[in-house]
Amino acid sequence: MNTQRKPLIAGNWKMNYDHLQALAFLQKLSWSLKNTAYDSSVTEVAVFPPFTDLRSAQTIVASEKLPIKIGAQDVSHEQSGAYTGDIAAAFLSSLDVSYVIVGHSERREYHAETDSLVGKKSAAALTAGITPVICVGESLQQREEQGTVVPLVQLTEVLAEVPEGAEFVIAYEPVWAIGSGQAATAAQAQEMCSHIRSKLRELRGEEVASATRILYGGSVKSDNIAEFMQQPDVDGALVGGASLKIDEFTKIVQYQTGLAE
Ligand code: PEP
């Protein structure tokens, strides 16, 4: 964590909770954050519900002025037209969506998404004023055979499609740590996030490298978040399973309490 960059705690709900559950969850989350004196000027919170929940999420966040940003889990790389089942970035932006996850390993694996497509999706999001959260990460085999290379190649290829001057967030998510209960160590997360920042420096210059937030994702829980957040190049977390539990997610957002103890 670096004080120049505002930490972002992002909850990826994946394919969980319908729109009614989303309404109840967001209401309870906001109470829980309020009870623990959450300060949105210190840490940013975003939730990424399924598409069908977004309108409900927008309504409750806007009407009750909840200090929670809304993200989507995917976006089309096209603007409009004959793309059955796809969702345009402009549609998301009209629902006050601030962020969109692109290139999550589950989309890469189950929908064969390539780096080039992830880059085009990032560009489409940016055109609509939405900040992409660009996911990169290696499998266990890739790590054993190629060390830190794969996430850096992914980043390079994705950014080839992203215009200069664009703002984005990067999420380093080692595939072996996602949903496995076996998080990377804080040192492993720092090592890769530091390589990612160096790669950003090489590709986009110092200003972008030092301003861009790099999140760690993969089995983040309330008992390991503080360690990750103490690393100089880790600026937040992309949280899957633990973002579905109000108490657990609140503790993750309030990781500063853990640092103070
Ligand atoms: C994720 O889906 O991005 C993720 C990190 O999941 P989990 O926290 O459950 O490992």
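Refer to the structure presented above.
Everything in this summary refers to the structure shown in the same document. (Residues numbered from 1 in each chain as written. Predicted model: local features only at pLDDT ≥ 70, side-chain atom pairs only at ≥ 80, totals over all residues. Heavy atoms only, no water.)

What about the side chain of Asp53?
Then comes step 1: Relative to the helices and strands, Asp53 is located in the loop between strand E2 (44-48) and helix H2 (54-63).
Then comes step 2: Among buried Asp, Glu, Lys and Arg side chains, Asp53 stands out as unpaired, with Arg55 the closest opposite charge at 12 Å.
Then comes step 3: When residues no more than four places from it in sequence are discounted, the contact partners of Asp53 are Trp13, Asn16, Tyr17, Asp18, His19 and Ala22. (Helix = DSSP H or I, 4+ residues; strand = E, 2+ residues; numbered from the N terminus. Buried < 20%, exposed > 50% of the residue type's maximum accessible area, 1.4 Å probe, protein only. Lys, Arg positive; Asp, Glu negative; His and termini not counted. Salt bridge = Lys/Arg side-chain N within 4 Å of Asp/Glu carboxyl O. Contact = heavy atoms within 4.5 Å.)

Points about the packing of aromatic side chains
Then comes step 1: On inspection of all chains with the given rule, the structure shows 6 aromatic pairs.
Then comes step 2: The interplanar angle of 40° and the centroid separation of 6.4 Å between the aromatic rings of Phe48 and Tyr99 together place this pair among those described as tilted. With Phe48 in strand E2 and Tyr99 in strand E4 (residues 99-102), this residue pair connects regions lying 51 residues apart in the sequence. The pair Phe48 / Tyr99 is uniform in exposure class, with both members buried.
Then comes step 3: Here the aromatic cluster, defined as three or more aromatic residues joined through ring pairs, consists of Trp13, Tyr17 and Phe25. (Phe/Tyr/Trp six-rings, centres within 6.5 Å; stacked < 30°, edge-to-face > 60°.)

Quick look at the sheet that holds strand E5 (residues 131-136)
Then comes step 1: In space, the 8 strands of this closed barrel follow the order E1-E2-E3-E4-E5-E6-E7-E8, with parallel pairing throughout. Each adjacent strand pair in this sheet contributes to an overall mean axis angle of 25°, direction not counted.
Then comes step 2: As paired elements, strand E1 (residues 8-12) and strand E8 (residues 236-239) share 4 bridges and run parallel to each other. Bridged to Ile9 within E8 is Ala237. (Pairing = 2+ DSSP bridges. Axes fitted to C-alpha atoms, helices over the stretch in contact; angles between N-to-C directions.)

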